[in-house]
Each structure stands twice: as C-alpha cells, then as structure tokens.
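Coordinates in review
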Amino acid sequence: MTTRRQFHLHSLATAGALLGLPLTGFAQASDFPSRPIRVIVPFAAGGGPDLLARKMAVKLAEVLGKGGVVVENVVGAGGILAAQNVARMPPDGYSILMGASSHITQKAMQPGVKFDPLKDFSFVTRTAFSPSMLVVHADSPFKTVEDLVAEARKNPGKFNYASGGIGSAAHLAGAAMVLQAQIDAVHVPYKGSVEIVPSILSNTTHFAFPIASTAIPHVQAGKVRALAVTSAQRMAGFPNVPTLVEVFKTPDLALDAWFGLWAPAGTPPQVVDLLFKAVAKTYEDPALRADAEAAGSIVALSRSPEEFRSFIESETLKFNQLVKAARLGVSN
C-alpha cells in the first residue's frame, strides 16, 4: 500500500519535473484557455476545502497566464448536485469539478445518483489528502473518545452526529466509528460542511467528523474540542490528539478524505494534460503548500492523469467493499 509520505514524494517529483518551465509556456501550448475556467466546488463558501480551492485558483490563473479561473460553489446533496452539473457540461476544459472521495462513497451508497465517477469524468490530478477530526463542543464533558463512547452506550439512540451530507467524509467517518464502537447514534446530514460546527455549538448534535481543514480553525479558537483524528498517524500540529486507529486498535478506521480535479468525460487529452501540468506548476508555490498543510491537508499530486484514474478505480473498489461491510446506505 502506498503511504501518505510516498504520495507526498510523488507530488514533489511531479512538480520537480516541471521546474524551469516559464509561465508563458502554458499559454503558448494551445489556444486554451481563451476564457475563464470554472472550478465547481461542492462545498459551501467559507469552509476549509472552499478556501483552499480559492487560493489554488488564484495561483492557477497566474500559471495559465490568460483566461482566468473562477470558483463557483454548487452545494447540495453532499456534493451530488455539483457532480451531476459538471458531468453534463461541454467537455472542453472550461468546467472542472473539485472531485472528492465523498463522490465515490455517495455513488457506492446511492447507486441511483445521476452520475458515474468512472464513466462521466476525465481525471486531471489528485491535489490533497485530509483526515477528519472527531470534535465535540468545547464545554462538553467528554474529554476522550472513550468518554463519549461510554456515555453513548448508556443512552442508545439519544446521541447524534452531524455531517455535510449523505456519503460525505464526515458521514463515512462517523458511521465507521459508530459501527466499530457498537453504539446506537443517529446521523444528521446537513446541506454543507460549514453547518457541522454550528450544529455542535448549538448543541443540536453531540459529535461530528468534519475534515481537518474545516475543524482546525474552530479547534484553535477554542470553540470545539478535538478527541481524535482519522489519519493513520497523529497530525503534526496536534501531537496530543490520538488517532481512531490507536483508540480502537484497528487500521479500518484510518480514513482520509482526498480531493482532485475532474473534467467532463470526453475532454480532449491535450487539454487534460495542459491542466495537469498547470496544476503541478501551481503547487510548486511554497506558500500554497504551506496554506494547505496548515489547514491539515497534505498536498499529494498525481504522477499523471492515468495514475489518477487508476487511483479512482482502486478507491471505488475499496469504498464499495466498505459500504457493503458496514451496511451503509441512504437510510443510515
């Protein structure tokens, strides 16, 4: 199995291969882009993934040298609406989806959704990984995962956990822990990830698993308490926060969310390749990498569009098996 460190090294190697390529090189490669490229983000404005996407878009526009890059938020159904919209867009490279692991899980959990990740998209590159954080209200009596689980076991059906929608990273992480801990807790899906922490602060929900880029600012502000992370190892910025793998002593709870850029199926290979190289050049910017890592994400670019497709295929198999084993579905 490839490690996160190996992914990081691969991304550095990919970017390194493009060192020295002038920014105007992309503009000279073809007439693309001759107008603004739309990056459709399936997360609410102001959330961690949205903020990182906007920073990337600014730098990507500089790299491409013409046309511009515009970020649009299409929120709803845990990202399904955004995926369906982009799948129907002309395959010309001007509409790109910020695809995520949650799109794979949603298709596994809801086969009837009107998009197919493997058939409806051309894959450009993976951009980053991000673990989720198990958080509770800062005033919560629960100081550890064991505290939370013990109380939930005493009150079956009376605890609930929030997510940004069915099939989202927060949903999957919560359902996996509930299954592993053998507790009875209710899933409360919201329209977007930015609604997770407010639901905790209002005591509408008891715990949640927002991805790190969404959770960290609220943890640092003292609004919520981090009890655990879903990464395989502890996060460098939070050395005192254990992993769920440690707590439950099983690797099955190592669940990172990931993100990447998807174009509609049929997008010309030369356009996909140009976008791939432009994104690699974009992430040579140390400030952009630092922003991502400060938000709890690890930049992990694909080595090629073909490698990204292979990754998506393996993730599809993995999540199909996980959803079946955990008996997840639209009713969970």
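Residues numbered from 1 in each chain as written. Predicted model: local features only at pLDDT ≥ 70, side-chain atom pairs only at ≥ 80, totals over all residues. Heavy atoms only, no water.

Here we look at empty space enclosed by the protein
- Within this structure, the stated rule accounts for three cavities of 30 Å³ or more.
- Put simply, the largest cavity is a space of about 210 Å³.
- Lining the largest cavity are 23 residues; nearest its centre among them are F43, S102, S168, A169 and S193.
- Looking at the lining of the largest cavity, the elements that each hand over two or more residues are α5 (101–109), α8 (169–181) and β10 (256–264).
- If you tally residues by element for the lining of the largest cavity, the top one is α5, at three residues.
- Taken together, the residues that form the lining of the largest cavity break down as 13 nonpolar, nine polar and one charged.
- The calculated volume of the second largest cavity comes to roughly 170 Å³.
- Listed by contribution, the elements that provide at least two residues to the lining of the second largest cavity are α3 (48–64), β4 (121–131), β10 and α13 (286–294).
- Tallying contributions element by element places α3 first for the lining of the second largest cavity, with four residues.
- Its residues placed into classes, the lining of the second largest cavity shows twelve nonpolar, three polar and no charged. (1 Å grid on protein atoms, 1.4 Å probe; cavity = no way out; pocket = protein on both sides within 12 Å on 5 of 7 lines; lining within 4 Å. Points joined across faces, edges and corners; volume = space filled by probe spheres on them. Helix = DSSP H or I, 4+ residues; strand = E, 2+ residues; numbered from the N terminus. Nonpolar A, V, L, I, M, F, W, Y, C, P; charged D, E, K, R; others polar.)

Considering the sheet that holds strand β2 (residues 69–73)
- In spatial order, the strands read β2-β1-β3-β10-β4-β11; together these six strands make up an open sheet with mixed pairing. Strands at the two margins of the open sheet, each flanked by one partner only, are β2 and β11 (298–299).
- Bridge count between strand β1 (residues 37–41) and strand β3 (residues 95–100): three bridges; the pairing is parallel. What sits directly across from I40, in β3, is L97.
- Strand contacts of α5: β3 and β10, with the helix running at about 75 degrees to β3, the strand carrying the most contacts. (Pairing = 2+ DSSP bridges. Contact = heavy atoms within 4.5 Å. Axes fitted to C-alpha atoms, helices over the stretch in contact; angles between N-to-C directions.)

Considering the side chain of S168
- Secondary-structure assignment places S168 in the loop between β6 (159–163) and α8.
- Once residues lying within four places of it in the same chain are set aside, the contact partners of S168 are S102, T105, Q106 and S163.

Some points on helix α4 (residues 80–87)
- The complete set of buried residues in α4 reads I80, A82, A83, Q84 and V86.
- Residues of α4 that are buried in the fold lie against β1, β3, α5, β4 and β10. (Buried < 20%, exposed > 50% of the residue type's maximum accessible area, 1.4 Å probe, protein only.)

A closer look at the layout of surface pockets
- Empty space within the second largest pocket amounts to approximately 270 Å³.
- Taken together, 19 residues make up the lining of the second largest pocket; nearest its centre are G48, L51, S213, T214 and P217.
- The set of elements that each furnish at least two residues to the lining of the second largest pocket consists of α3, α9 (196–201), α10 (212–220) and α13.
- Sorting elements by how many residues they give to the lining of the second largest pocket places α10 first, with six residues.
- Partitioned by chemical class, the residues of the lining of the second largest pocket number nine nonpolar, eight polar and two charged.

A look at the nonpolar core
- Formed by 70 residues in total, the largest nonpolar core has its most connected members in M133, V145, M177 and F207.
- Counting residues per element, this core draws most heavily on α8, at eight residues.
- Every residue in contact with V145, bar those within four places of it in the chain, is listed here: L134, M177, L227, A228, L244, V247 and F248.
- V39, Y94, V271 and L274 belong to the second-largest nonpolar core, a separate cluster that totals 38 residues. (Core = buried A, V, L, I, M, F, W, Y, C linked by side-chain atoms within 4.5 Å.)

What to know about the packing of aromatic side chains
- This model, assessed by the stated rule, comprises twelve aromatic pairs.
- Ring centres of F115 and F121 lie 6.5 Å apart, and the angle between their planes is 80 degrees; this geometry places the pair in the edge-to-face category. Assigned by exposure class, F115 and F121 land together as buried.
- The interplanar angle of 20 degrees and the centroid separation of 6.4 Å between the aromatic rings of F308 and F311 together place this pair among those described as stacked. Pair noted here: F308 and F311 are both in helix α14 (residues 305–326), with a separation of three residues, about one helical turn. Neither residue differs from the other here; F308 and F311 are each classed as buried. (Phe/Tyr/Trp six-rings, centres within 6.5 Å; stacked < 30°, edge-to-face > 60°.)

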